[in-house]
Amino acid sequence: MLRLTAALATTALMTACAGWGTMSNAPARVSDGVLVGENGMTLYTFDRDQAGSGRSVCNGQCAVNWPPLKAAGGKSAGDWTVIARDDGSAQWAYKGKPLYFWVRDQKPGDRTGEGFNGVWRVARP
């Protein structure tokens, strides 16, 4: 019984550590309850993007104002997927929703895009 308990504990610890490795390799991190890019800037989702569709509907001028979280060379893993954009570039999606920055956010911690036009949301884990 003791051996079985020790084996289960070891397996649980290894699983937890594997999850940490995945999180540390993620293209974004959590800061103050929201997802932020490596630059510390807030990430957003767009209500018009259909979760799990593998595409973004924010292109052209929309993508100028809402730059996508680029995924050059990235590989899908867990909740993180790489989608192909209309311009041929790659973008990160979290739980099927493409992620974007907002051009009007000036510094890390800004969340000025929250609720913009009723269709932009701060991305949360």
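Each value, and the rule that gives it
Residues numbered from 1 in each chain as written. Predicted model: local features only at pLDDT ≥ 70, side-chain atom pairs only at ≥ 80, totals over all residues. Heavy atoms only, no water. Phe/Tyr/Trp six-rings, centres within 6.5 Å; stacked < 30°, edge-to-face > 60°. Helix = DSSP H or I, 4+ residues; strand = E, 2+ residues; numbered from the N terminus. Buried < 20%, exposed > 50% of the residue type's maximum accessible area, 1.4 Å probe, protein only. Pairing = 2+ DSSP bridges.

**What about the packing of aromatic side chains?**
Here the structure, examined in full by the defined rule, presents nine aromatic pairs. Ring centres of Trp-66 and Trp-102 lie 4.0 Å apart, and the angle between their planes is 20 degrees; this geometry places the pair in the stacked category. Of this pair, Trp-66 sits in the loop between helix H2 (61-65) and strand S4 (80-84) while Trp-102 sits in the loop between strand S6 (97-98) and strand S7 (120-122), and the two are 36 residues apart along the sequence. Trp-102 sits in the buried class, given a relative accessible area of 6%. Between the aromatic rings of Trp-66 and Phe-116, the centroid separation amounts to 5.9 Å while the plane-to-plane angle is 55 degrees, which identifies the pairing as tilted.

**Considerations on the pairing of strand S5 (residues 90-94)**
The buried fraction of S5 amounts to four of the five residues, a majority that puts the element mostly inside the structure. Sheet topology places S4 next to S5; five bridges connect them, and they run antiparallel. Directly across from Thr-81, in S5, lies its bridge partner Ala-93. Once S4 ends, the chain turns through five residues before running back antiparallel as S5, passing Gly-88 with a positive phi of about 90 degrees.

Structural measurements only, silent on function.
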